[in-house]
Amino acid sequence: MIGFAYSPCPNDTYIFAAWTRGMLPGAPPVRVVLDDVEALNEAARAARFELTKVSYGAIPYLLGEYRILRAGGALGRGCGPLVVSKPRDDGSAPALADFKRHVRVAIPGAMTTAFLLLRLAFGRPIDVVPMRFDRIVDAVARGAVDAGLIIHESRFTYRASGLCEVADLGSWWEAETGHPIPLGAILVRRDVSDADANEINAAIQRSLQFARTDEPKIIDYVREHAFEMSDDVMHAHIGLYVNEYSADVGASGEAAVKDFFARIAAAGFVPAGTAPEFV
């Protein structure tokens, strides 16, 4: 049985529900673990699961034990991480350039793609405060940090806490590179054969197709694991993150990942010469 770890976020549970809930005849059996993406990044460093969701920012450190599957990942346009803060006294939003060196920023993890994008875009030292992604908005609203780096469903809800957008790092990335933004991927451990990896990839594609054609059968599973969000937010999350790249990363997705790896290597964030390897 394959150990498969992914996040409880709606895009993951939507894609994998049919497979992991036993709705796909003939699909490989799986043992599922759900956890926050930074916890999954850490678990992958120990090669704990045969199959796991991780941030693209973590993958340069994982290529000794894993390869990247073509299906099930999170790439896209208009879906990047946001930097948020309290508004100025006049109600206007500060700009990223307004923050001084060593600004205190809550981040969803040191190995997340979001944090590497912030380092690329900000270009100055940051005093980071790592915390689980769903606690960041509250930390900013309470004034515990100067700003927060938000991902997942927080991008749909932060305004309700009185916060404003400082920077859209996805828009920054797209303007800089012209590529979609590579956020997360499904990795398969290297002790899994090519034939088995291809069967897993096909199961993910079948599971996604099932969700798209018979959503009522899987939506309760998605709802069960969503972090206290309305159905409107849940469906907006799925609509944004489940897209053309979810079934196959494609040539444009591969180009985006290669460029991302090259840029973070050139900045000295990961070892030089790091390149993605897809199954």
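Above this text is the structure in question.
In this text the structure is predicted, and so the values were computed from the model without any measurement. (Residues numbered from 1 in each chain as written. Predicted model: local features only at pLDDT ≥ 70, side-chain atom pairs only at ≥ 80, totals over all residues. Heavy atoms only, no water.)

Attention now goes to the environment of Val30. Here Val30 lies in strand β2 (residues 30-34). We classify Val30 as buried; its relative accessible area is 15%. The spacing of Val30 and Asp259 is 229 residues in sequence and 33 Å in space, taken between C-alpha atoms. Not counting chain neighbours up to four residues away, the residues in contact with Val30 comprise Met1, Ile2, Phe4, Trp19 and Thr20. (Helix = DSSP H or I, 4+ residues; strand = E, 2+ residues; numbered from the N terminus. Buried < 20%, exposed > 50% of the residue type's maximum accessible area, 1.4 Å probe, protein only. Contact = heavy atoms within 4.5 Å.)

To continue, consider the packing of helix α6 (residues 169-177) against helix α11 (residues 250-266). Between α6 and α11, the shortest axis-to-axis distance is 12 Å and the interhelical angle comes to 95°. The pairing of α6 with α11 is recorded here as roughly perpendicular in orientation. Packed against α6, whose contacting residues are Trp173, Glu176 and Thr177, the element α11 presents Ala256, Asp259, Phe260 and Arg263 at the interface. Among the residues forming the contact of α6 with α11, the class breakdown is 3 nonpolar, 1 polar and 3 charged. (Axes fitted to C-alpha atoms, helices over the stretch in contact; angles between N-to-C directions. Parallel < 35°, antiparallel > 145°, perpendicular 65-115°, else oblique. Nonpolar A, V, L, I, M, F, W, Y, C, P; charged D, E, K, R; others polar.)

Strand pairing in a sheet takes place through backbone hydrogen bonds and is either antiparallel or parallel in direction. Within the open sheet, the 5 strands sit side by side as β8-β7-β9-β6-β10. Their pairing is mixed. Edge positions in the open sheet fall to β8 (126-130) and β10 (164-168), since each of these has one partner strand only. Ignoring which end each strand starts from, the neighbouring axes of this sheet average 30° apart. Bridge count for strand β7 (residues 103-107) against strand β9 (residues 147-150) is 2 bridges, and the pairing is parallel. Within β9, the position partnered with Val105 by the bridge is Ala147. (Pairing = 2+ DSSP bridges.)

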